[in-house]
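# Report on the structure
Letter by letter, the chains look like this.
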Amino acid sequence: MDISVIKIGGNVIDHPDKSNHFLKLFAKFPGTKILVHGGGVMASRIGKSLGIAPKMHLGRRITDKDTLDVVTMVYAGLINKNLVAQLQAYGQNAIGLTGADGNAIKSVKRPVKEVDFGFVGDVESVNTALLESLMKQNIAPVFCAITHNRKGQLLNTNADTIASEIATALAKIHRVKLYFCFDKTGVLMDPENEASLIPLINEDIYKELMKDKIIHSGMIPKLENAFNAINKGVNHVWMGLPENLLLASRGKNAGTIIESLKYDLY
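Notes on the structure follow.

The rules behind the values
- Residues numbered from 1 in each chain as written.
- Predicted model: local features only at pLDDT ≥ 70, side-chain atom pairs only at ≥ 80, totals over all residues.
- Heavy atoms only, no water.
- Pairing = 2+ DSSP bridges.
- Helix = DSSP H or I, 4+ residues; strand = E, 2+ residues; numbered from the N terminus.
- Contact = heavy atoms within 4.5 Å.
- Axes fitted to C-alpha atoms, helices over the stretch in contact; angles between N-to-C directions.
- Disulfide = S-S within 2.5 Å.
- Buried < 20%, exposed > 50% of the residue type's maximum accessible area, 1.4 Å probe, protein only.
- Arc of directions from axis to C-beta.

## Here's the deal with the sheet that holds strand 14 (residues 256-258)
Pairing in this open sheet of eight strands is mixed, and the strands run 5-8-2-1-11-13-14-12 from one edge to the other. The open sheet terminates on both sides in strands that have one partner only, identified here as strand 5 (94-97) and strand 12 (200-201). Both strand 13 (residues 236-240) and strand 14 contribute to a ladder of three bridges, which runs antiparallel. Bridging across to strand 14, W238 finds its partner in I257. Contacting strand 1 (2-8), strand 11 (175-181), strand 12, strand 13 and strand 14, helix 8 (residues 219-231) runs over the sheet at an angle of about 160° to strand 13.

What follows is the structure in structure tokens.
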């Protein structure tokens with residue numbers, strides 16, 4: 001089975017016009033597919049309105065009990081169900097899931113090291129049999145960024161990580177492509193200049209850009225998860241604008257391709 005795992009960022013979801021345009025593209029996207037969504041922008045905004053300020057470390061959210069309540073309500077409820085409802089309107093049968101539903105994604109609470117991330121989950125396993133069953137019925141799973149530990153505890157889990165882990169789990173027996181859609185044309189040398197696109201990036205280039213502080217914040221976990229996927233058997237990893245998704249599916253390099261091989265920076 002050829003499977004596409006497509007992750008959409010919270011900055012796109014937070015704008016109804018952009019979100020609806022993306023969902024129309026997702027409905028048209030050829031073949032078997034899975035959608036993974038973030039929602040951090042909306043969660044931060046709603047949290048602030050409740051007096052719960054977001055805390056971040058290297059692009060990752062620190063999740064105390066109150067923050068976990070907020071992200072669960074926003075990710076698993078407000079965002080997930082609205083996305084599924086819109087997909088149904090566009091002719092794409094879909095089902096909204098957390099990692100707890102059908103024991104889809106089991107995680108373990110991240111151990112405390114230099115930073116205590118709180119109720120944050122690191123993925124341990126993906127129930128590929130459940131996903132295969134849904135996809136064989138032409139139902140697209142739509143995952144939010146909430147998993148569980150099978151002991152009754154929900155855990156906030158980076159959506160890029162969920163997309164990467166789903167892709168790598170399925171890649172053991174299927175041909176899988178992974179697409180990260182967000183509000184930039186791809187990985188940029190200058191975040192303020194869309195023309196500074198890096199069309200191909202590998203870990204050597206990534207380390208150089210990190211050292212020069214060109215890559216920072218939310219791009220760090222995104223690229224780390226991309227490299228994790230490509231190094232564990234995912235056939236193709238791409239990053240770029242949602243409106244370029246169909247072009248990317250046709251092999252057009254309208255974004256950044258993640259490569260495991262080594263190339264020179266210049």
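## Some points on the state of the cysteines
With the rule as written, the count across this model stands at zero disulfides. Free of any disulfide, C144 has its nearest cysteine sulfur in C181, 18 Å distant. We classify C144 as buried; its relative accessible area is 0%.

## Some words on helix 5 (residues 128-136)
Residues of helix 5 that are buried: T128, L131, E132, L134 and M135. All buried residues of helix 5 fall inside an arc of 165° around its axis, so they share one side. Against strand 1, strand 2 (32-37), strand 5, strand 7 (121-126), strand 8 (140-143) and helix 6 (159-170) lie the buried residues of helix 5. Downstream of helix 5 by a residue or two, N138 has a phi angle that is positive, lying close to 60°.

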